[in-house]
Amino acid sequence: MKFTDHLWNEALPVYNKIQEHPFNQEMKVGTLPVEKFKFYIYQDSLYLVEFAKALATAGTKAGTSQELLDFLQFAQNAIIVERILHESYFKEYAIDFDGGKAPGCFAYTNYLLSTAAYESYEVSVAALLPCFWIYKKIGDYIYANQTSPNPYQNWIDAYAGEEFAASVEKALSICNNLADQASEKTREKMTEAYLTASKLEYVFWDSAYQLENWKV
């Protein structure tokens, strides 16, 4: 069994809750209220900038120049998505939010940034993996089961696309290679980081669905 198979099995209950969350179920059939999608896109634009920073930071700990290049490419791709996909949605949906990160986005980005800065390369990679893998799985699930036409087709196509799939496979391969050479203690920390980030993926989607804001 690959290490990433172990990670998937450990976090499967979390993934199932993400897949069944009303946000993704309603996006699948095109009934997600537009205000919730707009809130999500705004938060995701804030998230992706911080995600790119975490990817670049983790890459500086890479053991090979190729993996450094891989993580810098991941970071660049995150910024490209933020600029192209989100700028198009900002214009299409007249998104003009300026409230900053909601609690869910704040928690998730701070976790990734702190992990990338203070944990080992192996643990950092595991923490960053859910944003690749879970998004790909959700994108594929919605693409295969969607109601057509769907007002959120561009989002669905982006995360179910082949280009994103190639990045996911590369991230999975790096994680497996690192785990194969890691101690049992490090593998346990990698599993914990993957689980935590997976739970924060759920929190992020739920935050958008709830139009979450700071209570004080």
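These numbers come from a predicted model, not from an experiment.

Visitor: Now, about the side chain of Gln25: what can you tell me, with residues and values included?
Guide: Structurally, Gln25 can be placed in helix H2 (residues 22-29). Among the polar contacts made by the side chain of Gln25, one reaches the main-chain carbonyl oxygen of Gln19 at a distance of 2.8 Å. Leaving out residues up to four positions away in the same chain, Gln25 has contacts with Gln19, Glu20 and Tyr141.

Visitor: A description of the packing of aromatic side chains should follow, citing residues and the corresponding values.
Guide: In this structure the tally under the stated criterion is 22 aromatic pairs. Taking 5.1 Å as the distance between ring centres and 80° as the angle between the ring planes, the aromatic pair formed by Phe37 and Tyr89 counts as edge-to-face. With Phe37 in helix H3 (residues 34-59) and Tyr89 in helix H4 (residues 65-92), this pair connects stretches of sequence that are 52 residues apart. Considering the side-chain rings of Tyr47 and Tyr108, the 5.0 Å spacing of their centres and the 35° angle between planes classify their relative orientation as tilted. Here the residue Tyr47 occupies a position in helix H3, and Tyr108 occupies one in helix H5 (residues 103-118), the gap between them amounting to 61 residues. By the burial criterion, Tyr47 is buried, and Tyr108 matches it. A cation sits over an aromatic face here: Lys36 above Tyr209, 3.5 Å from the ring centre.

Visitor: Report on the environment of Gln210, specifying residues and quantitative values.
Guide: Checked against the element boundaries, Gln210 lands in the segment after helix H9 (184-209). Classification of Gln210 by relative accessible area gives exposed; the value is 51%. The spacing of Gln210 and Gln153 is 57 residues in sequence and 22 Å in space, taken between C-alpha atoms.

Visitor: So what's going on with unusual backbone geometry? Which residues, and what values?
Guide: With an omega of 0°, the peptide bond running from Ser148 to Pro149 counts as cis. Considering the arrangement of structural elements, one finds Pro149 in the loop between helix H6 (121-145) and helix H7 (153-159). Non-glycine residue Ala94 carries a positive phi angle of around 50°. On the secondary structure map, Ala94 appears in the loop between H4 and H5. The phi dihedral of Leu211 falls on the positive side, at around 50°, and the residue is not glycine. Here Leu211 lies in the segment after H9. The class for Leu211 is partly exposed, based on a relative accessible area of 36%.

Conventions and cut-offs
As a convention, each chain's residues are numbered from 1 in the sequence order in which they are written. The predicted origin of the model limits local features to residues at a pLDDT of at least 70 and limits the giving and counting of side-chain atom pairs to 80 or more, whereas totals for whole chains, interfaces and linings rest on all residues. The side-chain values count all of the structure's non-hydrogen atoms but skip hydrogen atoms and water molecules. Secondary structure elements are taken from DSSP: a helix is a run of H or I of four residues or more, a strand is a run of E of two residues or more, and numbering for both begins at the N terminus. Pairs of N or O atoms are called polar contacts if they sit within 3.5 Å, as long as, within protein, a hydrogen donor faces a hydrogen acceptor (for residues adjacent in sequence, only side-chain-to-side-chain pairs). Throughout, a residue-residue contact means that at least one pair of heavy atoms, one from each residue, lies within 4.5 Å. Side-chain rings of Phe, Tyr and Trp (the six-membered ring for Trp) are treated as a pair once their centres are within 6.5 Å; stacked means planes under 30 degrees apart, edge-to-face means over 60, and tilted covers the remaining angles. Here the term buried applies to any residue with accessible area under 20% of the maximum for its type, exposed to any over 50%, and partly exposed to those in between, with areas from a 1.4 Å probe on protein chains only. Whether a charge sits over a ring comes down to the Lys NZ or Arg CZ being within 6 Å of the ring centre and within 35 degrees of the ring normal.

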